[in-house]
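Below are the chains, spelled out letter by letter.
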Amino acid sequence: MSSAAETSSATRINPVVELRRDGEIAVLAVNSPPVNALSAQVREGIVEGIRQAGTDASVKAVVLHCDGRTFFAGADISEFGKPPKQPMLPEVVDFIEASSKPVVAALHGTALGGGLETALACHYRVAVPSAKCGFPEVKLGLLPGAGGTQRLPRLVGPERALEMITSGSPISAKAAKEMGIVDEIVDEGNLLASAIAFARKVVAENRPLKKVRDLDDKIAAARGKPEIFQEFRKANARKFRGFQAPEYNIRCIEAAVNQPFDEGIKLERKLFQELVSGEQSAAQRHVFFAERQVWKIPDISDDTPTLPVKKVGVIGAGTMGGGISMNFANAGLPVTIVEAKPEALERGLGVIRRNYESTAKKGRMSMEDVERRMGLLTGSLNMEDLADCDLIIEAVFENMAIKKEIFSKLDAIAKPGAILASNTSYLNVNEIAAMTKRPEHVLGMHFFSPANVMRLLEVVRGEKTDKRVIATAMQLGRQIGKIAVLVGVCHGFVGNRMLEPRQREANRLILEGAMPWDVDRVLYEFGFPMGPFAMADLAGLDIGWSRETSKGETVREILCEQDRRGQKTGAGFYDYDESRNAKPSKLVEQIILDLSAKKGIARRTISDQEILERCVYTMINEGAKILEEGIAIRSSDIDIVWINGYGWPIYRGGPMFYGEQVGLGKVLDRLRVYEAKLGPEFKPSALLERLVAEGKGFRDL
Ligand code: 3H9
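Residues numbered from 1 in each chain as written. Predicted model: local features only at pLDDT ≥ 70, side-chain atom pairs only at ≥ 80, totals over all residues. Heavy atoms only, no water.

In this structure, V338 sits in strand β12 (residues 335–338). With relative accessibility at 4%, the residue V338 sits in the buried group. Between the C-alpha atom of V338 and that of G350, which follows or precedes it by 12 residues, the distance is 14 Å. Those residues within four positions of V338 in sequence are excluded, and the remaining contacts are V314, I315, G316, A317, S380, L381, N382, M383 and L386. (Helix = DSSP H or I, 4+ residues; strand = E, 2+ residues; numbered from the N terminus. Buried < 20%, exposed > 50% of the residue type's maximum accessible area, 1.4 Å probe, protein only. Contact = heavy atoms within 4.5 Å.)

As annotated by UniProt and renumbered to match this structure, "domain: 3-hydroxyacyl-CoA dehydrogenase C-terminal" (unreviewed entry) occupies residues 492–576 and 611–696. Summarising residues 492–576: 52% helix, 4% strand, and an end-to-end C-alpha distance of 31 Å. Along residues 611–696 the backbone is 71% helical and 0% strand, and the end-to-end C-alpha distance reaches 27 Å. (UniProt positions renumbered as here; feature names shortened; annotations may be inferred.)

Here we come to the environment of R373. Topologically, R373 is positioned in helix α17 (residues 367–375). Separated by 39 residues in sequence, R373 and P334 place their C-alpha atoms 8.6 Å apart. Those residues within four positions of R373 in sequence are excluded, and the remaining contacts are A329, N330, Y356 and M365.

The amide bond that connects P33 to the next residue, P34, takes the cis arrangement and shows omega of 0 degrees. Along the polypeptide, P34 turns up in the loop between β3 (25–30) and α2 (40–55). Of note, the bond from S449 into P450 is cis; its omega dihedral lies within 30 degrees of zero at -10 degrees. Note on placement: P450 falls in the loop between β16 (442–447) and β17 (456–461). Positive phi values are uncommon outside glycine, yet F493 reaches one of about 55 degrees. Within the secondary structure layout, F493 lies in the loop between β18 (483–488) and α21 (495–512).

So, about helix α26 (residues 608–628). For α26, spanning 21 residues, the distance from its first C-alpha to its last is 30 Å, which sits close to the expected 30 Å at 1.5 Å a residue. Phi for G630, located one or two positions after α26, is positive at around 75 degrees. (Expected span 1.5 Å × (residues − 1).)

Not every one of the 26 residues close to the ligand is listed here, only the nearest: R69, E117, E137, R292 and K296. In this structure, E137 approaches the ligand through a side-chain N or O atom, which is 2.5 Å from an oxygen atom. Within the backbone of G145, one N or O atom sits 3.1 Å away from an oxygen atom of the ligand. Going through the elements one at a time, β6 (110–112), α4 (114–121) and α14 (279–293) are the ones with two or more residues in the shell around the ligand. It is α14 that contributes the most residues to the shell around the ligand, 3 residues altogether. Along the lines of polarity and charge, the residues of the shell around the ligand split into 15 nonpolar, 5 polar and 6 charged. (Near = heavy atom within 4 Å. Polar contact = N/O pair within 3.5 Å; in protein donor to acceptor, adjacent residues only side chain to side chain. Nonpolar A, V, L, I, M, F, W, Y, C, P; charged D, E, K, R; others polar.)

Scanning all chains against the criterion turns up 61 salt bridges. For K201, the salt bridge is made with E184, and the minimal N-O distance between the two is 3.3 Å. With K201 in helix α8 (residues 191–204) and E184 in strand β10 (residues 184–185), this pair connects stretches of sequence that are 17 residues apart. Classification of K201 by relative accessible area gives partly exposed; the value is 30%. (Salt bridge = Lys/Arg side-chain N within 4 Å of Asp/Glu carboxyl O.)

Okay, structure coming up:
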């Protein structure tokens, strides 16, 4: 607060809103930690404050200011889906805009969603340089529902509004000033005083009450030009696939251009209501809170001391080791990468360099950055060079014997207190830890390929892992931009363990009557980026396969024997053309028919519904077992794993959320039907049975 406003009188409107005075300027000050979300109490306070300022003849203008770390970060997301509380935000913003005295918004932190809509309803906006503003609603499956879709295009034109609103990405204060969203950028440390000075200027110069709703110049040129919107839809079709909100946002912006303000607002309200009460937004809001929950570990408090990690070692310069190393170099940490053979080391470092250079070519990094990051990477052929590392991550071939050998060597080399992590994706971390004299310093850090791109990190807690070691791994995950999920030891942890039933069912379905492209289509239409067979072709069918041990008992084995090893050989489950477009293969169809016959399986027509249920409900069932065994802390953590590591569609909220949306009772019934028909693989977990019997959900656990 500026000293001027502090020393003047103040009227408390309610616990979170205060009306302060600085001469003829009223300061409507909001303080509702942590992010000044526009809760019912805040909305009420704003209306009352504007009303009081309006009736007080000595007030000439109002500054709307938030205490704490940010201007309003949006509507209070936790209120959605509950009975509405008056006044609603659209009425609040209309009330501000209709004020007979100028209202100036003072922006700092993140003016997001309803926060930015509130600012756009003010007559002027000032911001500090570090402020950001944006409309993230689309990420919650929503649209700006308090006039944002109608006001923003009038300020910045439809093209920029389309970009900002459908991407959900915030922009800087500087960009906002250039676009005309912000009227003036003010000194960083002096927001309130500058906003008051700005308001005085508005009063002194008798400036008009600028209402964004009345602007027309930026939208006039696009009126009657549906092609602008059609082209935008086409250009983004892939990105928007499956999501409902982007299209609704576009329709509102189109209405802003072509219809009077009040008509546009009507459409905005109608579509907002539809979205906010729909399944997709419920799922996306669940993900928002799940992403924040994931860091909270019941038995490890936030103030658990972490161990300093200043230098990292990585064993293995292959695809995983290289990607893992890049994460740390990107965060400015020096990394020593150890390989067994000079050629492998050279190849690994070469791949990393090419990755960085290709990012630089796309303009997303400078060449100096490439050199700086490469400069942080040191290759070595000697494990002894890891002696001064604070964290060492083993990323070698998935083989227990090799991993055990490495850990017993590492134990002798690593300095006391160093953390030893395995990037294993399946193996028992306790067994690995037992090879050392410091099992409390051993854990799993399971990255996902490509490790420099994928956001997920499974942090695997061994039975002896020290709490400080876990806290350190979680915090490092955050530092390198990952979403870290703490999981327990079991075969495949959370992600890969749940992949197994899906894979098993996909393989069974093609022998019982479906074709790989049927299974893939159903899962693609569900929202996955690709189905399991297209995925297998991409990864390579020969991972873990060898001619010597191949028995020709599965479709995959037969395909490998015929040198159809996936995209890299131009053929796998599908045929591929030169541009790697997949086409169903007659030959594969025949291989499958022959194998079904050989195994004595009578093929039948399999419905899309059966494909979906068998692939997805078995995952939910496995997830329930994971919860039952305490491998995951909460069901929403499982959702986060699948969304960030395996392409589960965000608008379906993750497998566990989806199970609840479908109804756990229905999932249980269908599992029982399949169990009776197809066997014990479908046996429902005891937890699922219990929850259904008690009428509860995973979230009640
Ligand atoms: C909207 O505005 C709709 C309107 O158009 C129409 C209405 C009619 N509500 O992220 P953090 C909580 S839709 C409720 O860790 P950071 C969050 O859960 C909204 N709670 O901090 C967390 O709680 P906890 C459009 C919220 O510094 C705590 O605050 N706006 C909200 O890393 C700290 O959050 C958005 O989508 C909220 N709006 O990041 C913005 N926001 O401590 C959403 C946060 O118990 N928010 N919380 O776990 C964000 O993007 C980030 O929180 C922000 C701060 C960038 C602001």
